[in-house]
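The residues making up each chain are set out below.
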4 protein chains.
Amino acid sequence: MAGSSFGKKFRITTWGESHGPAIGVVIDGCPAGLDLAEADIQIMLDRRKPGQSRYATARSEDDAVEILSGVFEGKTTGTPISLMIRNRDHHSADYAAIRDVYRPGHADYTFDEKYGIRDYRGGGRSSGRETAGRVAAGAVAEKLLREMGISFAVRPFSIGGVAAVDEAAVKARLEAAIKDCDSVGGIVECIVTGVPAGLGDPVFDKADARLAQAIMSIGAVKGVEIGDGFAAASHRGSENNDAFRADEAGRVTKQANHAGGILGGITDGSDIVIRAAFKPTPSIAQEQESVSRQHENVTLTIGGRHDPTIVHRGMVVVEAMAAVTILDMMLENMASRAEHVIRFYGNKK
Amino acid sequence: MAGSSFGKKFRITTWGESHGPAIGVVIDGCPAGLDLAEADIQIMLDRRKPGQSRYATARSEDDAVEILSGVFEGKTTGTPISLMIRNRDHHSADYAAIRDVYRPGHADYTFDEKYGIRDYRGGGRSSGRETAGRVAAGAVAEKLLREMGISFAVRPFSIGGVAAVDEAAVKARLEAAIKDCDSVGGIVECIVTGVPAGLGDPVFDKADARLAQAIMSIGAVKGVEIGDGFAAASHRGSENNDAFRADEAGRVTKQANHAGGILGGITDGSDIVIRAAFKPTPSIAQEQESVSRQHENVTLTIGGRHDPTIVHRGMVVVEAMAAVTILDMMLENMASRAEHVIRFYGNKK
Amino acid sequence: MAGSSFGKKFRITTWGESHGPAIGVVIDGCPAGLDLAEADIQIMLDRRKPGQSRYATARSEDDAVEILSGVFEGKTTGTPISLMIRNRDHHSADYAAIRDVYRPGHADYTFDEKYGIRDYRGGGRSSGRETAGRVAAGAVAEKLLREMGISFAVRPFSIGGVAAVDEAAVKARLEAAIKDCDSVGGIVECIVTGVPAGLGDPVFDKADARLAQAIMSIGAVKGVEIGDGFAAASHRGSENNDAFRADEAGRVTKQANHAGGILGGITDGSDIVIRAAFKPTPSIAQEQESVSRQHENVTLTIGGRHDPTIVHRGMVVVEAMAAVTILDMMLENMASRAEHVIRFYGNKK
Amino acid sequence: MAGSSFGKKFRITTWGESHGPAIGVVIDGCPAGLDLAEADIQIMLDRRKPGQSRYATARSEDDAVEILSGVFEGKTTGTPISLMIRNRDHHSADYAAIRDVYRPGHADYTFDEKYGIRDYRGGGRSSGRETAGRVAAGAVAEKLLREMGISFAVRPFSIGGVAAVDEAAVKARLEAAIKDCDSVGGIVECIVTGVPAGLGDPVFDKADARLAQAIMSIGAVKGVEIGDGFAAASHRGSENNDAFRADEAGRVTKQANHAGGILGGITDGSDIVIRAAFKPTPSIAQEQESVSRQHENVTLTIGGRHDPTIVHRGMVVVEAMAAVTILDMMLENMASRAEHVIRFYGNKK
């Protein structure tokens, strides 16, 4: 368990470096009998492709996913689903310049400290490209979640400190950053609708704790909040508590959703509201101070085109990680009550 | 794995309900040969005791910890360390009133939805009392961490929206909340000094991802951030990147620590900076709207004295979870390089 | 995960040393709503108590189990069930003689090599007393399994090389061993009836692989086999294959059960047949050659009364481990098919 | 965790079906800096190839392994090593006849009961072909183990009930089985030399318990034993106990190795001795009784050539699983003592 796996029942393991032969993911524990084709996955992968906005890099990636196992005659079989995406656009030579220099804000230095070796080409394992495997797994999870009425809405919440709804201001921030050879951070919001009450476990595997790990594990994310999150720290209890009310059909509802759909670590049936803070793209075209692998002080200029913000490409990754986490909790939760277990297998007492 | 365990090598499992006979924790994987006595644990447990500030409830808890296993002649033996704290102050009758009502902001409703049954006395498993087990385990982790020069500083960062350093303003907020039968949230900051570079694994078990799970798993926490966190989302790359510099001894240092000590999910040797957003105490003395277990609309008044804020009692829990997580990553990291493994066991080629 | 936990959904963690204050087990993931009282557990614990046969040691143990958490008003709540048994019969002084000597066939030497320290009193963590926690957990598992019509039959299969059904021969072997200050091994057979088809996962978590770990983890067990086991290695395929036949109701049955109820790692609905080989009790009253902790050659005589065979006390432990493993696989298996997941949560497409 | 992963630190995940596009394995947690090339893996994979003895099927498999990630400039980087082997020899049409019939001794029926669907081509996931991924991972583990002086010797122990050393008798058994359109089982023995004392954890993750899971998880294995194993059940304690003796250099040795190198679940520095009982090949050319997928009684004849015994091809799989298990325990064990942890990170008290 060196950290490349996530999930307990719906367990994903990603592998691959930015400039190796391929990247991929193995999904172990996907329930059998789900209709699944490469197109189901490709559609979500295409959402993370560069070149979809003028604020994302132009590297041409086909990202064509190949299903290598676990699907037979168009249905999942319950065995591991191995998904692979061949890497194409190799210009490893471009990276020779940064082979011996630690880029600020990147993982170059820390990988060397941990492993004594690093695949420096394009960021290697710490490249954003690793997230393609997550997105592919998320597409599979969403396919099953949709059958149970669960849907995802993800959007930029703010970019460079301005609300994403103010599109003109966002555009101005991004253009200014580009002009200054700089970048900006932003916040992504993901809302999950239709999640049943009762998911997540008390204590360490609370629904919010597992979502926090899932989302914070995305490379550039530096903060995660659920519902009102950090704002709740400024609020009073009388504001923050969501009053329960029964509707005419006797169903329990909440008058508000400051909790973001999770109480005591367990989903309450309301929308799950997640926000992730992305730091500004660390690769910027400005000259920066740094050190070499030999621990000499150097100045560094990172060539190539860089995204002025990671927010747009990060959205689908946030959604994918939320989907994987929620499906995993749903599969886990089926055995929470003895009466459900007995009903499933039949009472033979 | 129903969520009561945390950690991979230094693995803790907490158990117990607020008003059951006892609560406790089992630590599996504590290295052998560490000096350990009950007093080492008690000192940290006492920091979470109520009645330490006038803003924390007066329930008298002895919280006297008993070591039941894993320690022999004053040293850990490598086998599971079982720690137990007997519960004392039982007035279960007090809780009969809320047996059939779901308190807003609490886990009453969600536990019933998940399990169909709940120990309603004092919040049962979702009580803050569960955190005593975490703190006891954190004390053991810190004992070993201290031997390696790693230390923890935890403090309130803000309370009710005002900076904690402005003590007069904080006091005013708390007094106002008490007067209004209300509560306020706050932010806790924990800084860990002396952590070596190289901890944490790429991808899902990033140091920040595991800390995020650890901290978000504390009952009232609704947000977690590392380093500049959410503020980084408003910054530019040129501000947020920490320039590397070599000092005269050739050691790599950073000119700033916006990253909070973690780059690409791996520690960089700087201080680790964690902030946790606590929601306001959900138990307030005001009348609130809610529903009964039978899904009827009711009004509810929660009797007893309540903490106007959880921040003071939450601090030691944040520190404990950080300690457990960091020690666990240190133990995990020892096998990261083949050369270290070969040196440990001896090269016999 | 230092090896004191077993199971994925129904996960047990044992703790405690033979002569520490107490031993116990924490069960995390027991489904909620199961009727459970201390008597349910005590009855199974009593089956492993010494003094039940004249071939088991006379140490008086009360082994009175205490439920510390996870049960409320007579039902499991879904939260961890902590079970504790206080140790009573402490004569630590008796063990001073072996403090510095490694008993042949015991774990004294290997614990010292691993940890550099060992609780030598009564075998410490490697004492058979650790199995009380397993048996307590097994009693909880069996309580739920019985509700689904699953039952266990465990018996001695052979003792000292003679078939257990030949009671006179067994008695002769045991009496001879006692007379010679020696001990004998034996084989325990456990048959589980009523197990549904479909349990276990392909590849590493095959039903037989998990049972093999479970049973081999019992201290004195040196071999595990399923169905015909080692005998199958001498058989032909035409003998060993169990022919399938449909009965009049169209149910699939097998004409034989050489496979011991497991095909391809998945249960087939037949009885599960497990056999465990127990080595002879390593503590014998004869003088033995050994080394001291200081690596000097010594002769050693282990005082006290010793069981001439472990088989009788091991039976209930085999049963308990089988129960824990099978229940765990049942809980895991509920999410194997997409249609079952969708039915559980409701198709809302 | 649907059973396709094994190991805690050196964790392998296999994927793939016999007649899908490819099969493979992801190794997460291999220490960085190990020299590794495809040839290192291919040499071990070639040992499981068919056609190496006249008693193994002639299906031509290239089994050419491709390293897709985790290796850079000839060295492991600490990130996941993804290994893939394309499937070649597809004659899926051949399998149409058994699409609707459950072969005795195979997993056809149990997969259908578990998943409601199965890739019937060549056994799908339950094919022996899955073991190629295990062998590839085993080759990586052995590469590192060899650097620490650990070596493996695997051999047939008996075939069809006769000792493997009696080659003429074995040949007669196999020829007779072929003539009768039948098959025979056998026992494989694996001896591991150079393993340090101290590996394995007490209780559930004993060295023998983890080896038992590892070996029993190989498709046709029905029994596992360590050291004297089942024979120990017939022995007396005075025979079975291995006397300790100190040699002239003060090193602890054992006068015998009935324990097979493991005492109390922890390695004692002696050779580890493992035996695995393989059942006879279930695919035989004789007519057999069975049922159809529609639960009708049928007779079945399995076409094609079948191995008269699995023993020869199973040997390298036993070795590979032993290697993976032992390396995993070595990585785990590095954090067993506080003094080792403190020395690794430096005492800064």
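Overview of the structure. In this text, all values refer to a predicted model and were calculated from it rather than measured experimentally.

Criteria and cut-off values
Residues numbered from 1 in each chain as written. Chains lettered and ligands numbered in written order. Predicted model: local features only at pLDDT ≥ 70, side-chain atom pairs only at ≥ 80, totals over all residues. Heavy atoms only, no water. Least-squares fit on C-alpha atoms with pLDDT ≥ 70 in both. Contact = heavy atoms within 4.5 Å. Phe/Tyr/Trp six-rings, centres within 6.5 Å; stacked < 30°, edge-to-face > 60°. Helix = DSSP H or I, 4+ residues; strand = E, 2+ residues; numbered from the N terminus. Buried < 20%, exposed > 50% of the residue type's maximum accessible area, 1.4 Å probe, protein only. Lys NZ or Arg CZ within 6 Å of the ring centre and 35° of its normal. Polar contact = N/O pair within 3.5 Å; in protein donor to acceptor, adjacent residues only side chain to side chain. Axes fitted to C-alpha atoms, helices over the stretch in contact; angles between N-to-C directions. Left-handed = near helix turned anticlockwise from the far one by under 90°. Nonpolar A, V, L, I, M, F, W, Y, C, P; charged D, E, K, R; others polar. Buried area = accessible area lost by both parts, 1.4 Å probe. Salt bridge = Lys/Arg side-chain N within 4 Å of Asp/Glu carboxyl O. Pairing = 2+ DSSP bridges. Disulfide = S-S within 2.5 Å.

**What about the relation of the copies chain D and chain C?**
And step 1. Superposing chain D onto chain C takes a rotation of 180° plus a shift of 0.0 Å along the axis, which leaves an RMSD of 0.0 Å. Both copies are brought into coincidence by an operation consistent with a two-fold rotation axis. Among all residues of chain D, the one whose C-alpha sits closest to the rotation axis is glutamine 213 of chain D, at a distance of 2.4 Å.
And step 2. An overlap of 100% is found between the interface residues of chain D and their copies at the interface of chain C, pointing to a shared contact surface.

**With respect to the packing of aromatic side chains**
And step 1. Evaluation of the coordinates by the stated rule reveals 30 aromatic pairs over all chains.
And step 2. Measuring from ring centre to ring centre gives 5.2 Å for phenylalanine 72 of chain A and tyrosine 120 of chain D, while their planes differ by 85°; the resulting arrangement is edge-to-face. Taken together, the residues span two chains, with phenylalanine 72 of chain A in strand S5 (residues 71-72) and tyrosine 120 of chain D in the loop between helix H2 (108-115) and helix H3 (131-147).
And step 3. You can call tyrosine 120 of chain D buried: its relative accessible area is 13%.
And step 4. Through a chain of ring-to-ring contacts, the aromatic side chains of Tyr102 and Tyr109 of chain A together with Phe244 of chain B assemble into a single cluster.
And step 5. Cation over ring: lysine 114 of chain C sits above tyrosine 115 of chain C, and NZ or CZ is 5.8 Å from the ring centre.
And step 6. The lysine or arginine in question, arginine 275 of chain C, covers the ring of phenylalanine 157 of chain C, its NZ or CZ lying 5.2 Å from the ring centre.

**Description of the environment of lysine 9 of chain D**
And step 1. By the secondary structure assignment, lysine 9 of chain D is in the loop between strand S1 (5-6) and strand S2 (11-16).
And step 2. With relative accessibility at 9%, the residue lysine 9 of chain D sits in the buried group.
And step 3. Residues lysine 9 of chain D and glycine 29 of chain D, 20 residues apart in the sequence, show an inter-C-alpha distance of 5.5 Å.
And step 4. At a separation of 2.6 Å, a polar atom in the side chain of lysine 9 of chain D contacts the main-chain carbonyl oxygen of glutamate 332 of chain B.

**Some thoughts on the packing of helix H5 (residues 207-216) of chain D against helix H7 (residues 311-333) of chain D**
Residues and elements named next belong to chain D.
And step 1. Running from amino to carboxyl end, H5 crosses H7 at an angle of 145°, the nearest separation of the two axes being 9 Å. Pair H5 / H7 crosses with right-handed handedness. Residue-level inspection shows Ala207, Arg210, Leu211, Ala214 and Ile215 of H5 in contact with H7, the latter providing Val318, Met321, Ala322, Thr325, Asp328, Met329 and Glu332.
And step 2. Per-class residue counts for the contact of H5 with H7 are eight nonpolar, one polar and three charged.

**What to know about unusual backbone geometry**
Residues and elements named next belong to chain D.
And step 1. Phi at glutamate 73 is positive, roughly 50°, even though this residue is not glycine.
And step 2. If you trace the backbone, glutamate 73 turns up in the loop between strand S5 (71-72) and strand S6 (75-76).
And step 3. The residue histidine 295 is not glycine, and still its phi comes out positive at about 65°.
And step 4. Turning to its location among the elements, histidine 295 is positioned in the loop between strand S17 (287-291) and strand S18 (297-301).

**Focus on the interface of chain D and chain C**
And step 1. Each partner contributes residues to the interface: chain D has 107 residues there, and chain C has 108 residues.
And step 2. Between chain D and chain C the total buried area reaches about 8,600 Å² when both faces are included, carbon and sulfur atoms providing 57% of it.
And step 3. A per-residue breakdown of the area chain D buries against chain C is headed by Lys114, Phe204 and Lys222 of chain D, which together make up 10% of the total.
And step 4. The tally of links between chain D and chain C comes to eight salt bridges.
And step 5. Residue arginine 245 of chain D pairs with glutamate 289 of chain C through a salt bridge whose shortest N-O separation is 3.8 Å.
And step 6. Put simply, chain D and chain C have 59 residue pairs in polar contact (both at pLDDT 80 or more) between them.

**Some details on the sheet that holds strand S10 (residues 186-193) of chain C**
And step 1. Across the sheet, ten strands lie side by side as S9(C)-S8(C)-S10(C)-S16(C)-S11(C)-S11(D)-S16(D)-S10(D)-S8(D)-S9(D); this open sheet has antiparallel pairing. Taken across any chain shown, the strands that pair with only one partner, and hence form the sheet edges, are strand S9 (162-163) of chain C together with strand S9 (162-163) of chain D.
And step 2. Inspection of the sheet shows strand S8 (residues 151-159) of chain C paired to S9 of chain C by two bridges, in the antiparallel sense. The residue of S9 of chain C that forms the bridge with serine 158 of chain C is alanine 163 of chain C.

**Section: the pairing of strand S17 (residues 287-291) of chain C**
Residues and elements named next belong to chain C.
And step 1. When S17 meets strand S18 (residues 297-301), the two strands line up antiparallel, connected through five bridges. If you follow glutamine 288 over to S18, its bridge partner there is leucine 300.
And step 2. Counting the residues in the hairpin turn of S17 and S18 gives five residues, including histidine 295, whose phi is positive at 65°.

**Some details on the state of the cysteines**
All names here are of chain D.
And step 1. Across all of its chains, the model carries zero disulfides over all chains by this definition.
And step 2. Of all cysteine sulfurs, the one in cysteine 190 lies closest to cysteine 30, which takes part in no disulfide; the gap is 20 Å.
And step 3. A residue is classified by how much of its surface remains accessible, and cysteine 30, at 2% relative accessible area, is buried.

**Quick look at the sheet that holds strand S11 (residues 221-226) of chain B**
And step 1. If you walk across this open sheet you meet the ten strands as S9(A)-S8(A)-S10(A)-S16(A)-S11(A)-S11(B)-S16(B)-S10(B)-S8(B)-S9(B), and the pairing is antiparallel. Single-partner strands in this sheet number two, and they are strand S9 (162-163) of chain A together with strand S9 (162-163) of chain B.
And step 2. In this sheet, S11 of chain B lies alongside strand S11 (residues 221-226) of chain A in antiparallel orientation, the contact comprising three bridges. Within S11 of chain B, the position partnered with glycine 223 of chain A by the bridge is glutamate 225 of chain B.
And step 3. Across the sheet, helix H7 (residues 311-333) of chain A is in contact with strand S8 (151-159), strand S10 (186-193) and strand S16 (272-278) of chain A; its angle to S8 of chain A comes to roughly 145°.

**Comments concerning the interface of chain A and chain B**
And step 1. Taken together, the contact between chain A and chain B spans 108 residues of the former and 109 residues of the latter.
And step 2. Together chain A and chain B conceal approximately 8,600 Å² of surface at their shared face, both sides included; 57% is due to carbon and sulfur atoms.
And step 3. On the chain A side of the contact with chain B, Lys114, Phe204 and Lys222 of chain A bury the most area, a combined 11% of that side's loss.
And step 4. Counting across the interface, chain A meets chain B through eight salt bridges.
And step 5. Taking the shortest distance from any N to any O, the salt bridge between aspartate 201 of chain A and lysine 114 of chain B comes out at 3.8 Å.
And step 6. In this assembly, chain A and chain B are joined by 59 residue pairs in polar contact (both at pLDDT 80 or more).
And step 7. Looking at which element gives the most residues to the side of chain A that touches chain B, the answer is helix H2 (residues 108-115) of chain A, with seven residues.
And step 8. Among the residues making up the side of chain A that touches chain B, the classes are represented as 44 nonpolar, 38 polar and 26 charged.

**Topic: the pattern of salt bridges**
And step 1. Across all of its chains, the model carries 126 salt bridges over all chains by this definition.
And step 2. Note that aspartate 108 of chain A is salt-bridged to arginine 103 of chain A, the shortest N-O span being 2.8 Å.
And step 3. Residue classification places arginine 103 of chain A among the buried residues on the basis of a relative accessible area of 7%.
And step 4. Bridged by salt links that share partners, the residues Lys114 of chain A, Lys8, Asp201, Asp205 and Glu332 of chain B together with Lys9 of chain D form one connected network.

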